[in-house]
Every structure is written in C-alpha cells, then in structure tokens.
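Structural overview
These are the residues of each chain, in order.
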Amino acid sequence: MDVALPKDLAQDVGLAKRRHAELCRQKRLFNARSRLIGGDLEAWDVQLHDQKIKEATEKARHETFAAEMRQNDKISCILENRERRDRKNLCRAINNFQQSSQLPESRREFDLSDPLALKKDLPARLSDNDVRNSISGMQKFLGEDLNYHARKKFQEEQNREWSLQQQREWKNTRADHSSAEARHTHTRLQLDNTAQHLQMLEGDTRKALCSMVKEFNRSQALESAARRKHEKQQEQEDNLAEITNLLRGDLLSENPQQAASSFGPHRVVPDRWKGMTQEQLAQIRLAQKQQVQEKLRLQEEERQRNMDWDRQRVQKARATLLQERQQRRQLRELRRALDSSNHGLACEQQLQKKEMKEVFTNYPTGDYFSQFNTRSR
C-alpha cells in the first residue's frame, strides 16, 4: 500500500486547480451567449470602472479646490472690508482729534496765518495822501484810488447802456430771423404739397402694377397646381406599378432560389438570402443534440475520474492513518519495555545501596578497608 506524501498531495491539488481553470475557460469559450471574439469584456469593465473612479476622484478634487477658492475669496473679502472699515475709523478718529485738540488758535505760529489778521490790522492807507504811502510801499496804483467806488458806479451805468443797446440790436436781428423763418416755412409747405401729389401719383402707379403682378401670379399658381396634379397622378401610377412589381417579384415572395450563388450550391447571396430551410435547421439541431450528448459523456467521464481520484486519495489517507497507528503502537511497546528495564535497574540499584549501607553499618572504616584489601589480594 502506497503512502501519500505531502509532495503528492500538493501535486494533486495543483492538478485539480488546473482542471477547474480549464473547465472554466471551456465554459467561457464554448458559450455562444457570453463569448466575444477579439475583446476582453471583463478587462473593459474594469477599465471603465477605474476610469469612472478616476473621473469621480478628479471631480471631487476640483470641487474641493473650488470650495477652498471660494472660502479664500470670502476670507479675503472679509479681511478687505475689515481693513477698509479700520482705515475709515482711523481717519475719523484722526479728524475728530484734530477738530477737538488741534485747533488753529492753539498753534504757536497762528499769528502768521490768522485769516482775520487783515481785519484786525489797520488799512494800508487812510487817504490818497497818507504819509505812510512811501514810494517803496507800492500802495497807490492807477485805478486804485479812494474814488474807486464812484468810478465803478459810473462804469456800471455805462455798461448798462451798452447792454440795452445790444438787446435792441438782438431784438431787431431776431425779427429779421423770424421773417426769414416764415419765408422758409412757406417754401417748405409748397415743396411738401408737390411731394404729396407726386406720392399719390406713385401710389396709383404701384396699385396698377400690383394688380398686374397679382393676375400674373394667379395664372402662374393655376399652372403650378395643374402641373403638381399631373405629377401627383403620375407618381401614384408609378407607385402602383412598383407595388405590383414587388408583390409579383421574388423579393417579397421570399423565393429561396433567388439566393442561389453562381459559385456553387453551398454558397448564397447575402442580400437575397431569406433564411435556412427546414432540412438545414434539422441538421443543425441534430448536430447540437450530438454536441450535448458528447458534452454529457465528457462530464460523466470527468466525474468518474474525479471519483477514482477521490477513492485513491481516501485509500491513501486510510493507509497513512493505519501506518501511523502501527507506529504509535510500536512506540508504546518500546516505551513499556524501556520502562520495565529502567524499573529493574532501579530495583537493583536500590538493593546495592541497601547492601552497601548494611556493610558500612556492621564494619568500622579501617577494618572494612583492610578486609577489602585482603580480599583483593
């Protein structure tokens, strides 16, 4: 009886895995519903799934960036408004401080820039012959004497007279312009009347032309309607003839002879083929039944082989178990024999120790060694 080694068991497991993978591959290849020639549908689905995950991740990343950008924009707007408000408050505080604590009167040099200093001071001269008006004082110029107000009033009266004169001249000019406008309006009315008369004549001419065009269009429409009617009747006759030809032809009657090819009886014309005959379908069904029976036979053989392998594996495991039990039994017998021999040796050692103890008890040490030496001699 053979013993199943771990190496044999691993080899059997590998063969079973390869056999299962081959069966799965045959199921994929011989299944006409799920088979794809020239493409791996599972790999495409995995790639499509990975692409969707990648797009979703990219979209989430862009949305995260957009949210961060919006948050940063909001924060920047808040900070900018806060900075503007702080700057405005600072300017208001500076202005309030300047108006309350930095008045012009409190400055040390206010007397140099006092706006009422001239009102508080004496005038530059009290008269044209003031003794303070020296040559280098430059206080008296032509037209700046003390008689300035009287002279200014005279000049204003003179300007008023000149203004009245200009108004009279402007009224006369306006009257002349009004008369010219009236003459221009009269001339324009005459031109408008002439244009209106010409427009009326043009309207009458256009109406006559429109009536002529309408008559011409009516005649053209009648001719077009007659032509369309004739064309429609001709098209109906052509359609009727075409329908009759199609009904009597081989296309709609599905004549199988029209699909016969000139290259041989086993070939057909694809654009005229109307399907397989009952004999061909029966042959295909018979071939399918034979394939099913062959597949069932292969499955039965595979099942028988698997059962043989399982039976051999069970027999090997049973032989291994029996051998292990026999080895354990032999080990127990050896251990029992060893224990019995050890027990006998232990009893002998105890007897020897007892004898030695009795000898040491009966004889002194020197007599025992002398007796032992004598015996040895």
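Please read these numbers as outputs of a predicted model, since none were measured by experiment.

Here we look at the overall build of the chain
What the chain contains, in helices and strands, is seven helices and two strands. When the helices and strands of the chain are listed from N to C terminus, the series reads α-α-α-α-α-β-β-α-α. Across the 377 residues in the chain, those meeting the buried criterion constitute 4%. Long-range pairs, those at least 24 residues apart, make up 20% of the contacts in the chain between residues at least 6 apart in sequence. Within the structure as shown, the chain displays about 35200 Å² of accessible surface, and the carbon and sulfur contribution to it stands at 56%.

Section: the pattern of salt bridges
Counted under the stated rule, the structure contains 15 salt bridges. We note a salt bridge from Arg-297 to Glu-294, for which the minimum N-O separation is 2.1 Å. With a gap of three residues between them, Arg-297 and Glu-294 both fall in helix α6 (residues 278-362), about one helical turn apart. Looking at Arg-297, the relative accessible area reads 37%, which means it is partly exposed. Two residues, Arg-303 and Glu-300, come together in a salt bridge whose shortest N-O distance is 2.4 Å. Remark: Glu-300 and Arg-303 occur in helix α6; sequence separation between them is three residues, near one turn of the helix.

What to know about the layout of surface pockets
Quantified by volume, the largest pocket comes out at close to 680 Å³. In this structure, the largest pocket is lined by 18 residues; those nearest its centre are Gln-26, Phe-30, Lys-295, Leu-298 and Gln-299. In terms of residue count, the dominant contributor to the lining of the largest pocket is α6 (nine residues). Looking at the lining of the largest pocket residue by residue, the class counts come to five nonpolar, six polar and seven charged.

Looking at a negative patch on the surface
Where like charges cluster on the molecular surface, the negative patch consists of Glu-231, Glu-235, Glu-237, Asp-238 and Glu-242. Structurally, the position occupied by Glu-237 is in helix α4 (residues 148-248). Accessibility expressed as a relative area gives 44% for Glu-237, which makes it partly exposed.

Looking at a positive patch on the surface
On the surface, a cluster of positive charge is contributed by Arg-325, Arg-328, Arg-329, Arg-332, Arg-335 and Arg-336. Examined against the element boundaries, Arg-335 turns out to sit in helix α6.

Some points on the confidence of the model for the chain
In the predicted model, the chain carries a mean pLDDT of 82, and 85% of its residues have values of at least 70. Averaged over each element, pLDDT in the chain is lowest for helix α7 (residues 365-376) (47) and highest for helix α2 (residues 41-101) (90). Here residues 365-370 is a poorly scored stretch, pLDDT under 50, and it has two contacts once near neighbours within four places are set aside; other chains count. In this model residues 372-377 is a low-confidence stretch, pLDDT under 50, and it forms zero contacts with partners more than four residues away in sequence or in other chains.

As for a nonpolar patch on the surface
The grouping of Val-268, Trp-273, Met-276 and Ile-284 at the surface amounts to a nonpolar patch, some 350 Å² of accessible area in total. Residue position: Trp-273 is located in the loop between β2 (264-268) and α6. Exposure remark for Trp-273: the relative accessible area of 42% places this residue in the partly exposed category.

A closer look at the side chain of Glu-302
Take Glu-302: it is sitting in helix α6. Within polar-contact distance, the side chain of Glu-302 engages the side chain of Arg-19 at 3.3 Å.

Considerations on the environment of Arg-19
Structurally, Arg-19 can be placed in helix α1 (residues 6-30). Placed 283 residues apart in sequence, Arg-19 and Glu-302 show a C-alpha to C-alpha distance of 9.9 Å. Excluding residues within four positions of it along the chain, Arg-19 makes contact with Glu-302, Asn-306 and Trp-309.

Conventions used here
- Residues numbered from 1 in each chain as written.
- Predicted model: local features only at pLDDT ≥ 70, side-chain atom pairs only at ≥ 80, totals over all residues.
- Heavy atoms only, no water.
- Helix = DSSP H or I, 4+ residues; strand = E, 2+ residues; numbered from the N terminus.
- Buried < 20%, exposed > 50% of the residue type's maximum accessible area, 1.4 Å probe, protein only.
- Contact = heavy atoms within 4.5 Å.
- Areas by Shrake-Rupley, 256 points an atom, 1.4 Å probe, with all protein chains shown as cover.
- Salt bridge = Lys/Arg side-chain N within 4 Å of Asp/Glu carboxyl O.
- 1 Å grid on protein atoms, 1.4 Å probe; cavity = no way out; pocket = protein on both sides within 12 Å on 5 of 7 lines; lining within 4 Å.
- Points joined across faces, edges and corners; volume = space filled by probe spheres on them.
- Nonpolar A, V, L, I, M, F, W, Y, C, P; charged D, E, K, R; others polar.
- Patch = residues over 30% accessible without salt bridge, like charges linked within 9 Å, V, L, I, M, F, W, Y side chains within 5 Å.
- Lys, Arg positive; Asp, Glu negative; His and termini not counted.
- Charge placed at Lys NZ, Arg CZ, Asp CG, Glu CD.
- pLDDT = per-residue confidence, 0-100.
- Polar contact = N/O pair within 3.5 Å; in protein donor to acceptor, adjacent residues only side chain to side chain.

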